[in-house]
Amino acid sequence: MPDRSDLVIRGGRVVDATGERQADVLVRDGVVAEVGEHSSVGRPDGARVLDAGGCIVAPGLVDLHAHLREPGDEEAETIETGARAAALGGFTAVVAMPNTEPPLDDAAVVASVLGAGRATACEVVSAGCITKGRGGEELAPMGELHALGVRIFTDDGACVTAGGVMRRALEYAHSLPGAVVAQHAEDPSLAAGGHMHEGSWSSRLGIPGRPAAAESAIVGRDILLAELTGTRVHFLHLSTADAVELVRDAKRRGAPVTAEAAPHHFTLTDAECRGFDPVFKVHPPLPTETDVAAIKAGLADGTIDAIATDHAPHVPEAKERPFEEAPPGMLGLETALALTLSELVEPGALSLRDALARLSWQPAAIAGLDAHGGPISEGRPANLCVIDPSVRWEVDPIRLASRSRNTPYAGRKLTGRVRHTVLGGEPVVVDGTAQR
Ligand SMILES: [Zn+2]
C-alpha cells in the first residue's frame, strides 16, 4: 500500500449508532485514527483537510438494491457510472442486483462484476440469483456464489413464485453463513398485465392495475417459510400497508425477516400516473396515500429496517414509449438521502439518527458488510459521508452522474445533500464533485 496523506474531516457533528458528538475525524492509512476535539486531532503535517462545518459526519450509506445494468445494458448504466452516482449520493457500498444479461447466476459473471467494481467510487457488492436464469425453477449454484462473497440472493425483478422452490432456496441458504434470501414480492399471476397500482386511479386512467394483494400474498407466505426453515428472508421494496402490517406481526413473533422500502414508495403516489408519464412506472407500483403513510410508519417503528434505492436506469428511448409499453424503474442513488431528509426527517417522522440507521448501519448489517455502517471510531475502516443537512437544491436530470435520466423528481426542491464521501480513506466526492 503506497503512503497516503492523512485526512482530517474538520468541524462536523459525528453521528453513528453509538451516539452523536461534535468532533474532528483523523483518517490515516484507510482507517479512522482518531475522533476527538479539534485541539487533540490538530492537523498532522501534510494532512488534507475536508471542511465539515455545519455538516453531519456519518458512516457511509449502504444501498441494498441497485441495478447497475452491467453486463448487458451498459448504455443505461455501467458499474463505473453507477458507483459514481452512488458515491455522490453518500453511499460507500451498493449491492448490485442480478437481473443483468447474462444474469448473476454464475460464478464467472459474479467475478467479473466484482472485478469491474474494484477501482470505482463505491464498493460494489454482487447479489446472486436464487434460481438459474431467474427462471424460478432450478436453484442457482448458491454455494459457489457464496464462496465468492455473495450474501444476498435474489431473483429481483422476478418473484420466486413457487413456494416449494422458495423453501428449497431457504433450506440451502441455511448452510451458508450470513446468507439472506431477498424476495421481490409480487405474485406474477396477480400482477400480470398490470402497469400501475390497482385502485381508483387505475380505473379512472384506464390503465390495468397490479393489486396490493400481489405483494402481501407473497410476503405472508414467505414469512411462514422463513419461520419453517429458520432462514432469514429479506423483503425488497415493501410498498403496501398490508405487507407492512404482515412484517410487523412477523417481527413481533420473532420471525427471521427484514425489510426495505424505496424512497419513491414514501414520496410518490399512484396519482402521479395521471399524466401517463412512464417515468412514474415502477414495480411494485407507486401506491396510495394510505400505503405511503404505512411505509413511513413502518420506517419509524423499525418494522422496515432499511431504505434502499431500487435505482433502475433506463435509456431515454425506453421511457419515451407509451406507459403500458415502457419498462418499470426509476433512478434513485443521487436522491435517496435528500428524499429521506426532506420527506421523513424534516417533517418529524424520523429522527436524523434513525434515518441514518435505515440508510447505513442497518443495511450494512443485513448484507454482512462489516467494513461499512460505522461506528466511526478508532481502527474502523474509513467509509464515511459528510452531509450538509440544510442546503436546498433542485433535482436537474442533466446534472446527474448516472448514464440515464429517468428521475421522477426533475425540478423537485429537496433539503440536504452529500458534501464529501470517503471510501477506504480516500475522498471520492469532495464538495459535491466526484473524484473518480
Ligand atoms: Zn424488485
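Counting starts from 1 at the beginning of each chain's written sequence and moves along it residue by residue. Where local features are concerned, this predicted model is filtered to residues with pLDDT of at least 70; where side-chain atom pairs are given and counted, the filter is 80 or more; whole-chain, interface and lining totals use all residues. Just so you know, side-chain values use all the structure's heavy atoms and leave hydrogens and water out.

Q: So what's going on with the coordination of the zinc ion? Residues and values would help.
A: Each metal's donors comprise the N, O and S atoms found within 2.8 Å of it (within 3.2 Å for Na, K or Ca). Water is not part of the atom list, so some coordination spheres may appear incomplete. Each protein donor to the zinc ion is listed here as Asp-156 (OD), His-184 (ND1) and His-237 (NE2); together their distances run 1.9 to 2.2 Å. Between the donor residues of the zinc ion, the gaps in sequence give the motif D-x27-H-x52-H. Highlighted residues: Asp-156 in the loop between β9 (152-154) and α5 (163-173) and His-237 in the loop between β13 (233-235) and α9 (241-252), separated in sequence by 81 residues. The two residues Asp-156 and His-237 agree in class, both being buried. What counts as a helix is a DSSP run of H or I of at least four residues, what counts as a strand is a run of E of at least two, and both are numbered from the N terminus. When a residue's accessible area, from a 1.4 Å probe over protein chains only, is under 20% of the maximum for its type it is buried; when over 50% it is exposed; and in between it is partly exposed.

Q: Describe in detail the layout of surface pockets, supporting the description with residues and values.
A: Two kinds of site are reported from a 1 Å grid over the protein atoms alone, namely cavities, where a 1.4 Å probe fits but cannot get out, and pockets, open sets with protein on both sides within 12 Å along at least five of seven lines, and residues are called lining when an atom falls within 4 Å of a point. Grid points are joined across faces, edges and corners, and a volume is the space filled by probe spheres set on the points. Reported here for the largest pocket is a volume of approximately 460 Å³. Forming the boundary of the largest pocket are 26 residues, of which Gly-117, Glu-123, Val-124, Val-125 and His-372 lie nearest the centre. Here the term charged refers only to Asp, Glu, Lys and Arg, the term nonpolar to Ala, Val, Leu, Ile, Met, Phe, Trp, Tyr, Cys and Pro, and the term polar to all other amino acids, Gly among them. Here the lining of the largest pocket is composed, by residue class, of 12 nonpolar, eight polar and six charged. Around the second largest pocket, the lining comprises 21 residues; the ones closest to its centre are His-67, Arg-69, Asn-99, Gly-157 and Pro-328.

Q: Can you break down helix α3 (residues 107-116) residue by residue, with the values?
A: Every α-helix winds through 3.6 residues per turn, so residues three or four apart in the chain are directed the same way. Considered for burial, the residues of α3 that qualify are Val-109, Val-110, Val-113 and Leu-114. Along α3, the residues classed as buried sweep out an arc of 140° about the axis, all on the same side. On its buried side, α3 packs onto α2 (79-88), β8 (123-126) and α4 (142-147). The arc under discussion is defined with respect to the helix axis, by the directions toward the C-beta atoms. Only heavy atoms enter the contact rule, under which two residues are in contact if any of them lie within 4.5 Å.

Q: Outline the packing of helix α13 (residues 336-345) against helix α14 (residues 352-367), supporting the account with residue identities and numerical values.
A: Here, axes are lines fitted to C-alpha atoms. For helices the fit covers the stretch in contact, and angles between N-to-C directions go from 0 to 180 degrees. The contact between α13 and α14 brings their axes to 11 Å, and the two run at 140°. For the element pair α13 / α14, the angle class is oblique. In this structure, α13 meets α14 at a crossing whose hand is right-handed. Residues Leu-337, Thr-340, Leu-341 and Val-345 of α13 lie in contact with α14, whose contacting residues are Leu-352, Ala-355 and Leu-359. Split by residue class, the contact of α13 with α14 holds six nonpolar, one polar and no charged. An angle counts as roughly parallel when it lies under 35 degrees, as roughly antiparallel when it exceeds 145, as roughly perpendicular when it falls between 65 and 115, and as oblique in every other case. What makes a crossing left-handed is the near helix being turned counterclockwise from the far one by less than a right angle; a clockwise turn instead makes it right-handed.

Q: Report on the pattern of salt bridges, specifying residues and quantitative values.
A: Pairs may arise between side chains of opposite charge once their charged atoms sit close together. Throughout this description, the term salt bridge denotes a Lys or Arg side-chain nitrogen within 4 Å of a carboxyl oxygen of Asp or Glu. Under the defined criterion, the tally for this structure stands at 18 salt bridges. A salt bridge links Asp-305 to Lys-251, with the shortest nitrogen-to-oxygen separation between them at 2.8 Å. On the criterion of sequence distance, the pair formed by Asp-305 in the loop between α11 (289-301) and β15 (306-307) and Lys-251 in helix α9 is long-range, its members being 54 residues apart. Judged by its relative accessible area of 13%, Asp-305 falls in the buried class. On the basis of relative accessible area, Lys-251 is assigned to the partly exposed category, the value being 25%. Close ionic contact of Glu-343 with Arg-412 constitutes a salt bridge, the shortest N to O distance being 3.2 Å. With Glu-343 in helix α13 and Arg-412 in the loop between β16 (384-394) and β17 (413-423), the pair connects residues that are 69 residues apart, well separated along the chain. For Glu-343, a relative accessible area of 17% gives the class buried. Because the salt bridges share partners, they merge into one network encompassing Asp-51, Arg-419 and Asp-431.

Q: Can you tell me about the environment of Lys-251, naming the residues and giving the values?
A: Considered as a pair, Lys-251 and Gly-302 are 51 residues apart in the sequence and their alpha carbons are 9.7 Å apart. Here a polar contact is taken to be a pair of N or O atoms separated by no more than 3.5 Å, where protein atoms must pair a possible hydrogen donor with a possible acceptor and residues adjacent in sequence count only if both atoms sit in side chains. Among the polar contacts listed, one links the side chain of Lys-251 to the side chain of Asp-305, at a separation of 2.8 Å.

Q: How would you explain α14 if you had to name every residue and give the values?
A: One less than the residue count of a helix, multiplied by 1.5 Å, gives the span that helix is expected to have. Between its terminal C-alpha atoms α14 stretches 22 Å, which fits the 22 Å expected from 16 residues at 1.5 Å a residue. Values of bend correspond, residue by residue, to the angle between axes fitted over the seven residues ending at that residue and the seven starting there. Its axis deflected by about 45° at Arg-358, α14 carries its strongest bend there. Looking one or two places after α14, you find Gly-368, whose phi comes out positive at around 70°.

Q: Help me get a handle on the sheet that holds β8, residues and values and all.
A: Paired strands, as defined in this entry, are two strands with at least two bridges between them according to DSSP. Spatially, three strands are ordered β6-β7-β8 in an open sheet, and the strand pairing comes out parallel. Of all strands in the sheet, those bounded by a partner on one side alone are β6 (61-66) and β8. For this sheet, the mean angle separating the axes of adjacent strands, direction not counted, is 20°. Pairing of β6 with strand β7 (residues 91-96), which is carried by four bridges, proceeds in the parallel orientation. Within the sheet, the bridge partner assigned to Asp-63 lies in β7 and is Val-94.

Q: Go over the packing of aromatic side chains, please, and point to the residues and values.
A: In summary, the pairing rule links any two rings of Phe, Tyr or Trp, Trp by its six-membered ring, whose centres are within 6.5 Å, and it sorts them by plane angle into stacked for under 30 degrees, edge-to-face for over 60 and tilted for everything else. Scanning the model with the defined rule gives zero aromatic pairs in all. The ring of Trp-201 has Arg-204 lying over it, and the distance from NZ or CZ to the ring centre is 4.2 Å. The ring of Trp-393 has Arg-417 sitting right over it, with the charged end atom 3.8 Å from the ring centre. Two conditions define a charge sitting above a ring: the NZ of Lys or the CZ of Arg must be within 6 Å of the ring centre, and it must be within 35 degrees of the ring normal.

Q: So what's going on with the packing of α5 against helix α8 (residues 213-229)? Which residues, and what values?
A: The contact between α5 and α8 brings their axes to 10 Å, and the two run at 40°. For the pair α5 and α8, the sense of crossing is right-handed. Between α5, through Gly-163, Met-166, Arg-167, Leu-170 and Glu-171, and α8, the contact on the second element is made entirely by Arg-221, Asp-222, Leu-225, Ala-226, Leu-228 and Thr-229.

Q: Describe unusual backbone geometry, and please don't skip the residues or the numbers.
A: The peptide bond linking Glu-101 to Pro-102 adopts the cis configuration, its omega dihedral lying at 0°. Positionally, Pro-102 belongs in the loop between β7 and α3. Of note, Arg-69 is a non-glycine position whose phi angle comes to about 70°, a positive value. Along the polypeptide, Arg-69 turns up in the loop between β6 and α2. Although it is not a glycine, His-237 sits at a positive phi angle of roughly 25°. Given the relative accessible area of 1%, His-237 is considered buried.

Q: Residues and numbers for the state of the cysteines, please.
A: Cysteine sulfur pairs qualify as disulfides if the two atoms are within 2.5 Å. This structure, assessed with the given rule, holds zero disulfides. Note on Cys-122: no disulfide assigned, nearest cysteine sulfur contributed by Cys-385 at a separation of 11 Å. Given the relative accessible area of 1%, Cys-122 is considered buried.

Fair warning: the whole summary comes from geometry, so function is off the table for now.
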